[in-house]
Amino acid sequence: MTQQLHELSEWFESHKGETLLIRKNELSTGLQQIFDIDQVTLQLDHISVVKNDSNIDDYIPSQELVLHGEGSIKSAEGMKDLPQNAYEIPLFGRIVTTKEANGLKLETEKALYEIYPN
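These notes cover the structure that comes with them. (Residues numbered from 1 in each chain as written. Predicted model: local features only at pLDDT ≥ 70, side-chain atom pairs only at ≥ 80, totals over all residues. Heavy atoms only, no water.)

**Concerning the overall build of the protein chain**
- Regarding its fold elements, the protein chain presents one helix and ten strands.
- Restricting the contact set of the protein chain to residue pairs at least 6 apart, pairs at least 24 apart contribute 50%.
- Summing over all exposed atoms, the protein chain offers an accessible surface of approximately 7100 Å²; the carbon and sulfur share of this is 47%. (Helix = DSSP H or I, 4+ residues; strand = E, 2+ residues; numbered from the N terminus. Contact = heavy atoms within 4.5 Å. Areas by Shrake-Rupley, 256 points an atom, 1.4 Å probe, with all protein chains shown as cover.)

**Considerations on the packing of aromatic side chains**
- Here the structure, examined in full by the defined rule, presents one aromatic pair.
- Taken together, a centroid distance of 5.1 Å and an interplanar angle of 90 degrees make the contact between Trp11 and Phe12 edge-to-face. Accessibility assignment for this pair places Trp11 and Phe12 in one class, buried. (Phe/Tyr/Trp six-rings, centres within 6.5 Å; stacked < 30°, edge-to-face > 60°. Buried < 20%, exposed > 50% of the residue type's maximum accessible area, 1.4 Å probe, protein only.)

**What to know about the pattern of salt bridges**
- Taken as a whole and judged by the stated rule, the model has five salt bridges.
- The shortest N-O distance in the salt bridge between Lys16 and Glu13 comes to 3.2 Å.
- Between Glu114 and Arg23 there is a salt bridge whose closest N-O contact spans 3.5 Å. With Glu114 in strand E10 (residues 111-117) and Arg23 in strand E1 (residues 19-27), this pair connects stretches of sequence that are 91 residues apart.
- Taken together, the shared-partner salt bridges in this structure form one network comprising Arg23, Glu100, Lys105 and Glu114. (Salt bridge = Lys/Arg side-chain N within 4 Å of Asp/Glu carboxyl O.)

**Describing helix H1 (residues 2-13)**
- The terminal C-alpha atoms of H1, which comprises twelve residues, lie 16 Å apart, in line with the 16 Å expected from a rise of 1.5 Å per residue.
- For H1, the full list of buried residues reads Leu5, Leu8, Ser9, Trp11 and Phe12. One face of H1 carries all of its buried residues, which in axial projection span an arc of 160 degrees. Along H1, exposed side chains directed more than 90 degrees from the buried face belong to Thr2 and Gln3. (Expected span 1.5 Å × (residues − 1). Arc of directions from axis to C-beta.)

**Brief notes about the nonpolar core**
- Phe12, Ile22, Leu65, Leu67, Ile89 and Ile115 are the most contacted members of the largest nonpolar core, which has 22 residues in total.
- Broken down by secondary-structure element, the contributors of at least two residues to this core are H1, E1, strand E2 (34-43), strand E4 (63-68), strand E7 (86-91), strand E9 (103-107) and E10.
- Among the elements that line this core, the one with the most residues is H1, at four residues.
- With sequence-adjacent residues up to four places away left out, Leu67 is seen in contact with Phe12, Ile22, Leu42, Leu44, His46, Ile47, Asn85, Ala86, Tyr87 and Ile89. (Core = buried A, V, L, I, M, F, W, Y, C linked by side-chain atoms within 4.5 Å.)

**Describing the environment of Ala86**
- Along the chain, the position of Ala86 falls in strand E7.
- Overall, the relative accessible area of 19% leaves Ala86 in the buried class.
- Residues Ala86 and Asp45, 41 residues apart in the sequence, show an inter-C-alpha distance of 9.6 Å.
- Here Ala86 is in contact with Val66, Leu67, His68 and Gly69, once residues within four sequence places are set aside.

By themselves, these observations are geometric and do not establish any function.
If you want it as structure tokens, here you go:
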């Protein structure tokens, strides 16, 4: 995962200062079917990686990629400010990244993220 985390970090570093559109498609366990979609707009300021050494259960990832910056999240009630000016991408299990001409796809065991500069 270290190489993929490095590639992810580089991609996000190259987009600092830009507004990103992030679509998170949450996958149902075992079925690989999408059951929840979130959409976030984020003005990327910087990124950080958080390592969680204690693996208490399957709900806490060993690492998280944190995107820092002002943003908003689209909810059923409309647009709301992003809490704490940060968006966390938990890195569970196997990570697959696909660079596209206009963005990046990141798939973990629990979600598929589609990220595009806006």
